[in-house]
Amino acid sequence: MRRRPILMLLLVLMLVAAACGGGDEDADGGGASEGGGGGGEGGGPITFWTTEELEDRVAVQREIISAFTEASGIEVELTPVAEDELPNLMIANAASGDLPDVVFHGLDFAAGWAEQGLIDPEAANAVVEELGRDTFSTPALELATVDDQVVSVPADGWGQLLVYRTDLFEEAGLEPPDTFERITAAAEALHDPDNDMSGITLATDPADVFTQQTFEALALANGCDMVDDSGAVTLGSPECAEAIEFFATLVNDYSPGGAQTVDTTRATYFAGQAAMVIWSPFILDEMAGLRDDALPTCPECEENPAFLAENSGMVGAISGGGAEPAQYGQVSYFGIGAEADVPAAQEFIRYLLTDGYVDWLSMAPEGKFPMRLGTAEEPETYVTQWQDLEAGVDSKAPLSEHYSQEVIDRLQEGVDSFERWGFGAGAGEQVARLYESLAVPQTLNDVAQGGLDPQQAAEQLASEVE
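Here the structure is a predicted model, which means the values were calculated and not measured.

Describing the sheet that holds strand 8 (residues 276-279)
Part 1 of the reasoning: Spatially, 3 strands are ordered 8-7-9 in an open sheet, and the strand pairing comes out antiparallel. With one partner strand each, in any of the chains shown, strand 8 and strand 9 (312-315) form the two edges of the open sheet. Across the sheet, the mean angle from the axis of one strand to that of its neighbour is 25 degrees, orientation sign disregarded.
Part 2 of the reasoning: Bridge analysis of strand 7 (residues 161-165) against strand 9 gives 4 bridges, and the strand direction is antiparallel. When the bridges of strand 9 are listed, Arg165 appears paired with Ser312.
Part 3 of the reasoning: In the packing of helix 11 (residues 262-270) onto the sheet, contacts are made with strand 7, strand 8 and strand 9, and the angle to strand 8 comes to roughly 145 degrees.

Below is the structure:
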């Protein structure tokens, strides 16, 4: 695999550290220690880095760890890490030989860290094989596969949703907005700016990654990918130009003016001023009135805080111009550090995905759909238990209390159609750099402002990736 120059520098630093450490491999803090987190021959203790750093979620993780230690005798040191700081910390700790034994991380880092030698693909793949590949979501495995190995173990995930007002759709005789044609028809029919109603609200801010996530969901639906199976860049294709044109039409003709962000799109829909919104499922508990700092404010919501939950439908997989339905999916994983106490790390991950799994999902069930669906004996057990978990922050209730079984089923079915640009085709590292550059939201803004036509924009994005 190709390694970036910085990794050569890290390797030199690690070799120097090892040379300076002398021959005492058992000394505390030694860079050559097999355990990485201070462990021994498979008995721990081990370190666990997690981006689930909110206080209530840390408390749940400590309870899981306590139960694991009691059952296994292996101690686990929990280290909450801010998500935006995680990549730099991994690189810095690689230089000092102090990588975590287990790290909870997003899909964006899986392929890159495997290429850079920061995580151990063989150890992770072995856990997947032991638990049973058939018990995991197939897309979750494929998105993190490099050279026929699953480089990190799938933990949980969520799929981007198009949320729509079922009451308004029914009144207007509209079909669910699951195709470009139906989305356009609904946006046109329900757009009424004179009465503070937009056909749709979606992210447009050129400085917001959420804009790329929103567009990528529509691009995938139209068969527009970043690269093909051979790694050739395909962003300049007609399918991508069509997706850009569709996005720009929605923005210019049927959505609120000005730059729209993750917060303003939610606020507009919550105020009853948009018929549709593209958002993550983390909107579900808020839409049901279970979070005080993000309460729905529509006129009907004054008497019934859950009005929008009761009158909203969800579309996961969308189809563009004849393409197969696809849903943008964000999956998180348990990675095993390159210098880990492998047996102890593997045992901890096995516990997280068995006895501790439902507790793990309970931290935020609205955005933690199980990527391990069940066991060989009970193929749907974790999905079934997930449905009954209580969501919310200031108030708690199962999603099934506010959403129909049809909506819950739609959320489950979406897992089978999770897709992402580049992942699974060996281009995960390029995707991460594309996100960091903000080239996609900036280019989309140029199109919306009339500075580029859709085909020029598609070719410009292709050049950026190349």
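Quick notes on the state of the cysteines
Part 1 of the reasoning: Under the criterion given, the structure shown has 2 disulfides.
Part 2 of the reasoning: At a sulfur-sulfur separation of 2.0 Å, the disulfide partner of Cys224 is Cys240. Taking the torsion about the S-S bond as the criterion, the Cys224 to Cys240 disulfide, at about 95 degrees, is right-handed. Placement of Cys224 in the loop between helix 9 (209-221) and helix 10 (238-254) and of Cys240 in helix 10 is noted, with a sequence separation of 16 residues between them.
Part 3 of the reasoning: For Cys224, a relative accessible area of 1% corresponds to the buried category.
Part 4 of the reasoning: By relative accessible area, Cys240 is classed as buried at 1%.
Part 5 of the reasoning: Disulfide partner of Cys298: Cys301, at an S-S distance of 2.0 Å. For the disulfide bridge between Cys298 and Cys301, the dihedral angle about the S-S bond is near 85 degrees, and by the sign convention the bridge is right-handed. For the pair shown, Cys298 and Cys301 are each scored as buried.
Part 6 of the reasoning: Numbered by position along the chain, the disulfide-linked cysteines of the protein chain connect as 1-2, 3-4.

Focus: helix 11
Part 1 of the reasoning: Listing the buried residues of helix 11 in full gives Thr265, Arg266, Thr268, Tyr269 and Phe270.
Part 2 of the reasoning: Against the buried residues of helix 11 lie strand 7, helix 9, strand 8, helix 12 (283-287), helix 13 (307-310) and strand 9.
Part 3 of the reasoning: The positive-phi residue at the C-terminal boundary of helix 11 is Gly272, with phi of around 75 degrees.

Topic: the packing of aromatic side chains
Part 1 of the reasoning: Scanning all chains against the criterion turns up 18 aromatic pairs.
Part 2 of the reasoning: Judged by centre distance (4.9 Å) and plane angle (75 degrees), the ring pair of Phe104 and Trp360 falls under edge-to-face. Within this pair, whereas Phe104 is found in strand 3 (residues 102-106), its partner Trp360 is found in helix 15 (residues 357-361), the two being separated by 256 residues in sequence.
Part 3 of the reasoning: Ring pairing ties together the aromatic residues Phe48, Phe68, Phe104, Phe334, Phe348, Tyr351 and Trp360, which thus form one cluster.
Part 4 of the reasoning: Here the basic side chain of Arg372 rests over the ring of Phe136, its NZ or CZ set 5.9 Å away from the ring centre.

Quick notes on the side chain of Gln260
Part 1 of the reasoning: If you trace the backbone, Gln260 turns up in the loop between helix 10 and helix 11.
Part 2 of the reasoning: A relative accessible area of 6% places Gln260 in the buried class.
Part 3 of the reasoning: A polar contact is formed between the side chain of Gln260 and the side chain of Thr264, at a distance of 3.1 Å.
Part 4 of the reasoning: Residue contacts for Gln260: discarding those within four places in its chain leaves Thr201, Leu202, Ala203, Thr204, Asp205, Thr265 and Thr268.

Overview of the pattern of salt bridges
Part 1 of the reasoning: Applying the stated criterion across every chain, the model contains 13 salt bridges.
Part 2 of the reasoning: A salt bridge links Arg57 to Glu52; the shortest N-O distance between them is 2.7 Å. No difference in accessibility class separates Arg57 from Glu52, as the two residues are buried.
Part 3 of the reasoning: Note that Arg182 and Asp178 form a salt bridge whose closest N and O atoms lie 3.0 Å from each other.
Part 4 of the reasoning: What you see here is one network of salt bridges that share partners, running through Asp263, Arg266, Glu286, Arg291 and Asp293.

Thresholds, definitions, all that
Residues numbered from 1 in each chain as written. Predicted model: local features only at pLDDT ≥ 70, side-chain atom pairs only at ≥ 80, totals over all residues. Heavy atoms only, no water. Pairing = 2+ DSSP bridges. Helix = DSSP H or I, 4+ residues; strand = E, 2+ residues; numbered from the N terminus. Axes fitted to C-alpha atoms, helices over the stretch in contact; angles between N-to-C directions. Contact = heavy atoms within 4.5 Å. Disulfide = S-S within 2.5 Å. Buried < 20%, exposed > 50% of the residue type's maximum accessible area, 1.4 Å probe, protein only. Phe/Tyr/Trp six-rings, centres within 6.5 Å; stacked < 30°, edge-to-face > 60°. Lys NZ or Arg CZ within 6 Å of the ring centre and 35° of its normal. Polar contact = N/O pair within 3.5 Å; in protein donor to acceptor, adjacent residues only side chain to side chain. Salt bridge = Lys/Arg side-chain N within 4 Å of Asp/Glu carboxyl O.

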